[in-house]
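Chain residues, written in single-letter form:
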Amino acid sequence: MNDARELTEDAVLKIMEGYGNDSQQLIAVLLDIQAASGRNYVDRQWALLASKILAVPLSKIFDVLTFYAMFSVTPRGEYLIEICQSAPCHFSSGCSGRAQQVVDWFEGAAKIKMGQTSADGKITLARTSCVGACEIGPVAKIGDDVFGDLNGEKVTALVKCCREGNLNQFQNEAPQCQN
Ligand code: FES
């Protein structure tokens, strides 16, 4: 599994070059660094490097990293599963109006609580507000992908796919993670 030690300085420099080393692109740069970390976070060493190359004070970079919920400065799971907790998803037919139901499905399948990361570093469970896919609620977001019409079976399959690094198969609308 990737971690901050495996994300090289060259790779981070390349990310910044891709944005012309433009300080106006700070959020995009940090998002790309976070995605490339393999653990969904921005390590301090890369924040320092970004500060130097983009000529942005380190304090401003940490302001950004701590202000936006999408960022983390500590390692999270390779798959960050964000469960929508906004009202329309609560009242979708799939979860019979019980916001906690979807959380329970994920916690049960992943065997961790909300906010925790699995021991194998594969999965972190988090809450999110509306991701704009209310019509297919209940919904969870993993990276840029949104998974809707969730039920207990789908959640179990989704978590299994994440554990096995096989999420693409679920995205191909396989009813279960095929292995
Ligand atoms: S309320 Fe869940 S996607 Fe909109």
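Quantities reported herein were computed from a predicted structural model and do not represent experimental measurements. (Residues numbered from 1 in each chain as written. Predicted model: local features only at pLDDT ≥ 70, side-chain atom pairs only at ≥ 80, totals over all residues.)

Visitor: Any chance you could explain the confidence of the model for the protein here in plain terms?
Guide: Parts of the prediction with low pLDDT should not have their coordinates interpreted in detail. Per-residue confidence for the protein gives a mean pLDDT of 89, with 88% of residues at or over 70. Under a pLDDT of 50 for its full length, residues 174–179 has, in the predicted model, 12 contacts with residues more than four places off or in other chains. (pLDDT = per-residue confidence, 0-100. Contact = placed C-beta atoms within 7 Å.)

Visitor: Would you mind showing me how to read helix α7 (residues 152–163) here?
Guide: Because each turn of an α-helix spans 3.6 residues, side chains separated by three or four positions in sequence point in the same direction. With 12 residues, α7 ought to run about 16 Å at 1.5 Å a step, and its terminal C-alpha atoms sit 17 Å apart, in line with that. Of the positions making up α7, those classed as buried are K154, V155, L158, V159, C161 and C162. All buried residues of α7 lie within an arc of 155° about the axis, which places them on one face of the element. G165 occupies a position one or two residues after α7 and carries a positive phi of about 60°. (Helix = DSSP H or I, 4+ residues; strand = E, 2+ residues; numbered from the N terminus. Expected span 1.5 Å × (residues − 1). Buried ≥ 20, exposed ≤ 12 C-beta atoms within 10 Å, placed from the backbone. Arc of directions from axis to C-beta.)

Visitor: I keep staring at unusual backbone geometry and nothing clicks. Help me out?
Guide: Trans is the prevailing form of peptide bonds, just as negative phi is the prevailing case for residues other than glycine. Of the consecutive residues G137 and P138, the connecting peptide bond is found in the cis state with omega at 0°. Turning to its location among the elements, P138 is positioned in the loop between β2 (123–128) and β3 (140–142). A positive phi angle, near 55°, is found at A55, a position not held by glycine. Here A55 shows up in the loop between α3 (44–54) and α4 (58–67). Overall, the presence of 9 C-beta atoms within 10 Å leaves A55 in the exposed class.

Visitor: I tried to follow the sheet that holds strand β1 (residues 79–84) on my own but got confused; where do I start?
Guide: One open sheet holds the 4 strands; their spatial order is β2-β1-β3-β4, and the pairing between them is mixed. Every interior strand has two partners, whereas the edge strands, β2 and β4 (145–147), have only one. Averaged over all neighbouring strand pairs, the angle between strand axes comes to 25°, with direction disregarded. Pairing of β1 with β2, which is carried by 6 bridges, proceeds in the parallel orientation. Across the sheet, residue E82 finds its bridge partner in β2, namely A126. With respect to the sheet, α7 is in contact with β1, β2 and β4, its orientation differing from that of β2 by roughly 130°. (Pairing = 2+ DSSP bridges. Axes fitted to C-alpha atoms, helices over the stretch in contact; angles between N-to-C directions.)

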